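Topology and contacts: notes
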Amino acid sequence: MFGINVPRYALVNREFPNQELDFFAEEEDFVEVHGNRFWKPFVEKPIHGDDHSIMIYYPSSAGGGMKELFRKVGNRSSEFHPDVRRVRREGSYIYEEFMPTGGTDVKVYTVGPEYAHAEARKSPVVDGVVMRNPDGKEVRYPVLLTPIEKEMAREVCIAFRQAVCGFDLLRCEGRSYVCDVNGWSFVKNSYKYYDDAACVMRKMFLDAKAPHLSSKIPPVLPWKVNEPAQPSDGLTRQGSGIIGTFGQSEELRSVIAIVRHGDRTPKQKVKLRVTEEKLLNLMLKYNGGKPRAETKLKSAIQLQDLLDATRILVPRTRPDHESDSEADDIEHAEKLRQVKAVLEEGGHFSGIYRKVQLKPLKWVKVAKVNGEGEDERPTEALMILKYGGVLTHAGRKQAEELGRYFRNNIYPGEGTGLLRLHSTYRHDLKIYSSDEGRVQMSAAAFAKGLLDLEGQLTPILVSLVSKDSSMLDGSENASSEMVEAKARLNEIINSDNDTIESTDPPGEKPWMVDGSGVPPNASQLLPEIVKLTKKLTEQVRVLAKDENEELAGKTSYDVILPYDQAKALGKTSMDVDRIAAGLPCGSEGFLLMLARWRKLARDLYNERKERFDLTQIPDVYDSSKYDLLHNAHLKLEGLYELFKVAQLLADGVIPNEYGINPKQKLKIGSKIARRLLGKILIDLRNTREEAISIAELKSNQDSTTEFPSIAREDSADLQKSQINVEIASKASLGSEKSVDLDDDDDKEPKYRLDPNFSSNVCMFTPIRYANVRTPERHVRTRLYFTSESHIHSMMNVLRYCNLDESLQEEPSLVCDSTLERLCRTKELDYMSYIVFRLFENTELALEDPKRFRVEMTFSRGADLSPLEGNERDAPSWHHDHTLAINGPERLQEVGSYLTFERMEKMIRPFAMPAEDFPPPTIPQGFSGYFSKSAAVLERLVNLWPFNRHSSQANGK
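Keep in mind that what you see is a predicted model, and the values were worked out from it rather than measured. (Residues numbered from 1 in each chain as written. Predicted model: local features only at pLDDT ≥ 70, side-chain atom pairs only at ≥ 80, totals over all residues. Heavy atoms only, no water.)

**Side note on the overall build of the protein chain**
How we decide: The way it works is that DSSP assigns letters per residue, a run of H or I at least four long becomes a helix, a run of E at least two long becomes a strand, and they are numbered from the N terminus. Relative accessibility thresholds used throughout: buried, under 20% of the residue-type maximum; exposed, over 50%; partly exposed, between the two (1.4 Å probe, protein chains only). Residues are treated as being in contact if the distance between any of their heavy atoms lies within 4.5 Å. Working definition of accessibility: Shrake-Rupley area with a 1.4 Å probe, residue cover restricted to the visible protein chains.
Along its length, the protein chain carries 29 helices and 28 strands. Across the 956 residues in the protein chain, those meeting the buried criterion constitute 56%. Within the protein chain, contacts between residues separated by at least 24 positions form 75% of all contacts whose residues are at least 6 apart in sequence. Accessible surface, the protein chain as shown: approximately 42,200 Å² in total, 51% of it carbon and sulfur.

**Comments concerning the packing of helix α7 (residues 393–410) against helix α9 (residues 437–450)**
How we decide: Fitted lines through C-alpha atoms serve as axes, helices being fitted only where they are in contact, and the angles separating the N-to-C directions of these axes extend from 0 to 180 degrees. Any angle that is under 35 degrees is reported as roughly parallel, and any over 145 degrees as roughly antiparallel; angles of 65 to 115 degrees are reported as roughly perpendicular and all others as oblique. We call a crossing left-handed when the near helix sits turned anticlockwise from the far one by less than a right angle, and right-handed when that turn is clockwise. Throughout this entry, Asp, Glu, Lys and Arg are counted as charged residues, while Ala, Val, Leu, Ile, Met, Phe, Trp, Tyr, Cys and Pro are counted as nonpolar. The remaining residues, Gly among them, count as polar.
Two elements in contact, α7 and α9, have axes whose closest approach is 7 Å; the angle formed by their N-to-C orientations is 40 degrees. What the angle tells us is that α7 and α9 run oblique. Seen from above, α7 lies across α9 with right-handed handedness. Taking contact as the criterion, the partners of R396, A399, E400, L402, G403, R404, F406 and R407 in α7 are, on α9, S442, A445, F446, K448, G449 and L450. Considering only residue class, the contact of α7 with α9 consists of 6 nonpolar, 3 polar and 5 charged.

**Remarks on the nonpolar core**
Filter applied, for reference: Side-chain atoms within 4.5 Å link the members of a nonpolar core, which is a set of buried Ala, Val, Leu, Ile, Met, Phe, Trp, Tyr and Cys residues.
By size, the foremost hydrophobic cluster in this structure holds 50 residues, and its most contacted members are I493, I529, W597, I617, V620 and L649. When residues of this core are traced back to their parent elements, those giving at least two are α12 (479–493), α14 (522–552), α17 (590–604), α18 (617–630), α19 (639–657) and α20 (662–672). The element best represented in this core is α19, accounting for 10 residues. The contacts of I529, once residues within four sequence positions are left out, are L604, V620, L642, V645, A646 and L649. In terms of nonpolar packing, the next biggest core, distinct from the first, is built from 48 residues, V43, I56, V259 and L457 among them.

**What to know about a positive patch on the surface**
What counts is decided by this rule: Nonpolar side chains (Val, Leu, Ile, Met, Phe, Trp, Tyr) are joined into patches within 5 Å and like charges within 9 Å, using only residues with over 30% relative accessible area and no salt bridge. Within this document, salt bridges are pairs made up of a side-chain nitrogen of Lys or Arg and a carboxyl oxygen of Asp or Glu, the two lying within 4 Å of each other. We treat Lys and Arg as the positive residues and Asp and Glu as the negative residues; His and chain ends play no part in the count. The atom standing in for a charge is NZ when the residue is Lys, CZ when it is Arg, CG when it is Asp and CD when it is Glu.
A surface patch of like charges, here positive, comprises K269, K271, K296, K298, K355, K359 and K386. The set of elements that each furnish at least two residues to the positive patch consists of β16 (267–274) and β18 (355–367). Note on placement: K298 falls in the loop between β17 (295–297) and α5 (300–313).

**A look at the sheet that holds strand β5 (residues 42–46)**
Defined as follows: At least two DSSP bridges between two strands are required for those strands to pair.
Taken together, the 6 strands give an open sheet; going across it, the order is β1-β9-β5-β6-β7-β8, and neighbouring strands pair in antiparallel fashion. Single-partner strands in this sheet number two, and they are β1 (9–12) and β8 (76–81). When strand polarity is set aside, the average angle formed by the axes of neighbouring strands in this sheet is 20 degrees. Relative to strand β6 (residues 54–57), β5 runs antiparallel, the two being bridged by 3 bridges. Looking at β6, one finds that E44 is bridged to M55.

**Some details on the pairing of strand β7 (residues 66–73)**
Pairing analysis gives 4 bridges linking β6 to β7, with the strands arranged antiparallel. By the bridge assignment, I54 is partnered in β7 with L69.

**Brief notes about the confidence of the model for the protein chain**
Going by this rule: Confidence of the predictor at the level of single residues is given by pLDDT, which spans 0 to 100.
With 76% of its residues at a pLDDT of at least 70, the protein chain reaches an overall mean of 77. Scored below 50 in pLDDT, residues 553–570 shows 46 contacts in the model against residues more than four places distant or in partner chains.

**Thoughts on the pattern of salt bridges**
The full count for this structure, using the stated rule, is 66 salt bridges. Notably, a salt bridge pairs E810 with R902, separated by 3.4 Å at the nearest N-O pair. Of the two residues, E810 sits in the loop between α26 (788–800) and α27 (816–824) while R902 sits in helix α28 (residues 900–907), which places them 92 residues apart along the sequence. Look at R902 and you get partly exposed, because its relative accessible area is 23%. For the salt bridge of R837 with E855, the shortest nitrogen-to-oxygen distance reads 3.0 Å. Of this pair, R837 sits in strand β26 (residues 833–841) while E855 sits in strand β27 (residues 852–859), and the two are 18 residues apart along the sequence. Note on R837: relative accessible area 8%, which makes it buried. It is possible to trace a salt-bridge network through shared partners that takes in R685, R688, E689, E901, E904 and R908.

**Here's the deal with the environment of G103**
Turning to its location among the elements, G103 is positioned in the loop between β9 (93–97) and β10 (104–111). Taking the C-alpha atoms as reference points, G103 and L170, 67 residues apart in sequence, are found 10.0 Å from one another.

**Thoughts on helix α4 (residues 277–286)**
For α4, the complete set of buried residues consists of L279, L280, L282, M283 and L284. Packing partners of the buried residues in α4 comprise β16, β17, α5, α6 (327–344), β18 and β19 (374–388).

**Some remarks on α20**
Counting buried residues along α20, 8 of its 11 residues qualify, which places the element largely inside the surrounding structure. When α20 is considered as a whole, its buried residues turn out to be P662, Q664, K665, L666, I668, G669, S670 and I672.

**A short note on the side chain of D829**
Condition: As used in this structure description, the phrase polar contact means that two N or O atoms lie within 3.5 Å; if the pair is within protein, one of them must be able to donate a hydrogen and the other to accept it, and residues adjacent in sequence are counted only when both atoms belong to side chains.
With respect to the secondary-structure elements, D829 resides in the loop between α27 and β26. We classify D829 as buried; its relative accessible area is 2%. Here the side chain of D829 touches K625 through a polar contact of 3.1 Å, side chain to side chain. Among residues more than four places away in sequence, those in contact with D829 are R260, Y621, K625, R860, G861, A862 and L864.

**Some details on the side chain of S185**
The topology assignment puts S185 in the loop between β14 (175–183) and α2 (191–209). Exposure remark for S185: the relative accessible area of 14% places this residue in the buried category. Not counting the four nearest positions on each side in its chain, S185 is found in contact with Y109, V164, C165, G166 and Y193.

**Quick notes on the sheet that holds strand β4 (residues 36–39)**
An order of β2-β3-β4 is seen for the 3 strands of this open sheet, with the pairing classed as antiparallel. Each of the sheet's edge strands pairs with one partner strand only, and the pair in question is β2 (24–26) and β4. On average, adjacent strands in this sheet sit at an angle of 15 degrees to one another, irrespective of strand direction. Across 4 bridges, strand β3 (residues 30–33) lies against β4 in antiparallel orientation. Considered in β4, the bridge of E32 is made with R37.

**As for the pairing of strand β12 (residues 141–144)**
Along a regular strand, successive side chains alternate from one face of the sheet to the other. Side-chain alternation along β12 places Y141 and V143 on one buried face and P142 and L144 on a second face that is also buried. When strand β11 (residues 116–122) meets β12, the two strands line up antiparallel, connected through 2 bridges. Directly across from A120, in β12, lies its bridge partner Y141.

**A short note on the packing of aromatic side chains**
What counts here: Stacked, edge-to-face and tilted are the three classes for Phe, Tyr and Trp ring pairs, Trp counted by its six-membered ring, which pair at centre distances within 6.5 Å; planes under 30 degrees apart are stacked, over 60 edge-to-face, the rest tilted. Here, a charge over a ring is recorded when the distance from Lys NZ or Arg CZ to the ring centre is within 6 Å and its angle to the ring normal is within 35 degrees.
Applying the stated criterion across every chain, the model contains 14 aromatic pairs. Taking 6.1 Å as the distance between ring centres and 90 degrees as the angle between the ring planes, the aromatic pair formed by W184 and F186 counts as edge-to-face. On the basis of relative accessibility, which here comes to 56%, the residue W184 falls in the exposed class. On the accessibility criterion, F186 (33% relative accessible area) is partly exposed. Both rings, one in Y640 and one in F643, keep their centres 6.5 Å apart while their planes meet at 35 degrees; by these two values the pair is tilted. Of this pair, Y640 and F643 both sit in helix α19, 3 residues apart, which is roughly one turn of that helix. Overall, Y640 belongs to the buried group, its relative accessible area being 14%. Residue classification places F643 among the buried residues on the basis of a relative accessible area of 0%. Through a chain of ring-to-ring contacts, three or more aromatic side chains come together here, namely F24, F42, Y57 and Y95. When the ring centre of F38 is taken as origin, the NZ or CZ atom of R8, which lies over that ring, is 4.5 Å away. One residue, K625, lies across the ring of Y830, its end atom 4.5 Å from the ring centre.

So, in structure tokens, the structure goes:
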């Protein structure tokens, strides 16, 4: 018997409200029932089918909170509660694993076990706003069910003994799950559905009373027999307006974008050696009592323990005079005070922007408690607190705006364009993010703008964004090469001008020389940046002194501020009240602002060794840019001058940290972005092969019957056709492993809009049912959100891939005019991006290499030009602290034609081969305990209360 997929679930039954149960336990990020843990995000459903108050609880790593789902009230179907983190205890509930569905649910309606109609709608989980048409009806689109889903519909119909039945499907990770059975339910406002239902019922009557006629009467209604079929309008697309026009027959097949995160606060780090017993005991508490094991504190409970210990250890007052003998103790106390201030910032812990490492350094032997033998105990540890890098209100606004720009400009229009594509499963969307909080939240804010969503970012993040740290995090794979590049960069900056010029070959292109972009007077600028940094630090010290005196009067156990969601997940607007009061923007106080600048001043120049640390220049640039944008109201003298000097040096340092010359940039870039490059090639190849398979299938179906069939035999043919699409897609690749190994292909069935509805004509009015002109149109979108290192690495591979020995005769993928422009464009700033769009020319033969064209564009990101003027002239950014994002620029010459085959040839040497990709992993919340037995569903029918009242057809 065919099985129905049922997610892992647990029943918690209470005989009376708030009953304590010994088999039920709740921790910060999971509940445990009979020893089985359900990690957040998980779903909490009332056991009674008539109670529609369903809760989704989110993990602290995504900001926490709860979303309540309920029956539609006006235009809302859910509400997010950021401060609710504990599950309900007043009744009996079912707990299930949360299933990310890409923001779309499927409603299925059966008329007997042989017929099922399906419609897609926006999931209430995402933002809770109901999309309605001008008539006030919820917007839905007909979609095709897969063969497996059709069998599931049949099983539901039989298991619940309900011929006319409605149920909800969740499509997740390539599998489908029944989450709700509604009993007697049917479609509204669909002539096609009622015509089909009439045909089904007529056949049932004939089978029962006149079986000899049943097979002879056509499976369509009498008034439909002579009705001409409406041809589908060809949806033609111009080529990119940026590159040029390539004819009316091009179709957009894929959009792949690599995007840097939005505006953030400066990244910070505090290091201190600790010997205090309370901190050493805390380390042992969370590392299992292992004296030599490192401990990472990130959860709310762990960070609260650390804050409690730090509050006891921080001195109440500071000495007015510092002697040399006290210097170390004073510095240690200052760092503890900074740790305390960081942990108290924002009034709560989200686990997404702050983390602490405790590494044991020294140990002693101590006697065991039982007196038998000895144990080790740590006596000193290194504490490393990492914080900052928080997505600001400006960064969130930038990400949302860029998402809206993509929606309106990257996808050719078709009525509501991208939203229509996405709602009808013709848009295959996947969003990936690195593990950094600012990157995750940028991805969620972008998705909000892209799909026109509303509400908080946490539900959007959990529902639509997948983390892939191995593909999008860090630059460790090229650490040795980057150290070598920085050493050479140090030589260039500290050398005389004449030495630099003499190393440049005559007539060499400017981007080909070592240290391109380093200002000729760099060595003279270094003392200037140190002087200005110290000057700024002293001004902030004065501002922090008053704040410290105010805090000194408070006890060490002052209650922390109330929970404030915006402070952890990026504000939606700037802090007008704080700015009016003369305080720093955001949740940073003067004490933390002083710690930030004092650390920069100390690390930038070592006075004892008389040595400049060039690695600090990007941090000085980030901090000066941040304060110039967000804290200009503090009127810090010399801030603008510091920004300009830091910018000149950063323009030379940052690009050269990823390689001092093109060949080194190519080597470092390929090591950092190797896995991402491989994934992009897989994305493009999968798209091309899928498009070819669909084109072949479509040409084979041109001679099929004019009318859609309702009979089971024809339904079986349709199932075979769908299966053939998938088989053809893989068979056409031959020995290529890229598609077979792509986790997207493994997880995602080929969901499609039902083409029968697009040409269906109403019995009385010749208007399209779904107003969708091209049901076959399908666009694959892959969005990769990452940090600066991956943007530079990707761009360097695109620019210099032709310098590889195997490609010496090939011209660059990037034209000379753009190479020169990129040489002048030193920084790929916040929200910078690279976009690949794959177009298919349907007029060319399938085997023609020019059938598939790749277009490459990029953006420098947030436009710094307003900051480069005189800030005293009250530039336009003062009112919201937000810089606009530059539009896309071409990487190719106008009129050029980059085939997919050539791009693949140029990129493949630097990309991870498909066979090296690790198998897709199952997220923690999806541990794989999925039952395939229909008996499970029947047991639920017998157990749940609604079964006791057979007259009720609704069930949860």
